[in-house]
Amino acid sequence: MQAANNVMEQQVVEDLVLRLKNSFWCYTCCCCGEGFLQPTDPCCWSQDKFCCCTQSTTSGEECCGPKGCCKGLNKCFCCVSHSKFPPDPCMCAVCNFFIVGQPPSSNGADAAEAAYLQNTCWMYYCCCAGDGCTSELANPMILGQQKFLCCMATRNTTDCVGPRGLFL
């Protein structure tokens, strides 16, 4: 699990460096600034970090690709919530017993997501959404991914001081 998080963190750093190098800066002051990128880049894009909390936003996702049109994955300590529309396939479960379909999986798209979904005991799952519990309390303690059409937002906890430093 830690290796998957390190790979994701390294990918974020590489993407951030590339965007910073390719930007036309309107202003910079101390540790913040605003600028422009090429029109072919996403309309909205942000990367933020404060101590152990990170968040990112982009409008550069596929509208209805492998992640679906609308998707959510949230984890807070041991509580997990998952949704995907359109459901692929439709699922129905009570107390981790799936009456219709199989437990949700990430279809190989995201290793970290696959680990959370695989290790979750689902209290219920109805059609395209469900809640459950996982044994993974930490690493990260908080995780969130929301997607609606081309917009995607993520947030999670990470090391306070890592490759991205304390603030970035």
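Data block above holds the structure.
Below: a short report on this structure.

Rules of the game
- Residues numbered from 1 in each chain as written.
- Predicted model: local features only at pLDDT ≥ 70, side-chain atom pairs only at ≥ 80, totals over all residues.
- Heavy atoms only, no water.
- Helix = DSSP H or I, 4+ residues; strand = E, 2+ residues; numbered from the N terminus.
- Buried < 20%, exposed > 50% of the residue type's maximum accessible area, 1.4 Å probe, protein only.

Looking at unusual backbone geometry
Here the amide bond leading from phenylalanine 85 into proline 86 is cis, since omega sits at 0 degrees, within 30 degrees of zero. Relative to the helices and strands, proline 86 is located in the loop between strand S6 (79-85) and strand S7 (91-94). With phi around 55 degrees, cysteine 51 is a residue other than glycine that occupies positive phi space. Looking at where cysteine 51 falls in the secondary structure, it is placed in the loop between strand S3 (45-50) and strand S4 (53-58). The backbone of cysteine 95 sits at a positive phi, close to 50 degrees, despite the residue not being glycine. Mapped onto the elements, cysteine 95 comes out in the loop between S7 and strand S8 (97-100). Residue cysteine 95 is classed as exposed on the basis of its relative accessible area, which comes to 64%.

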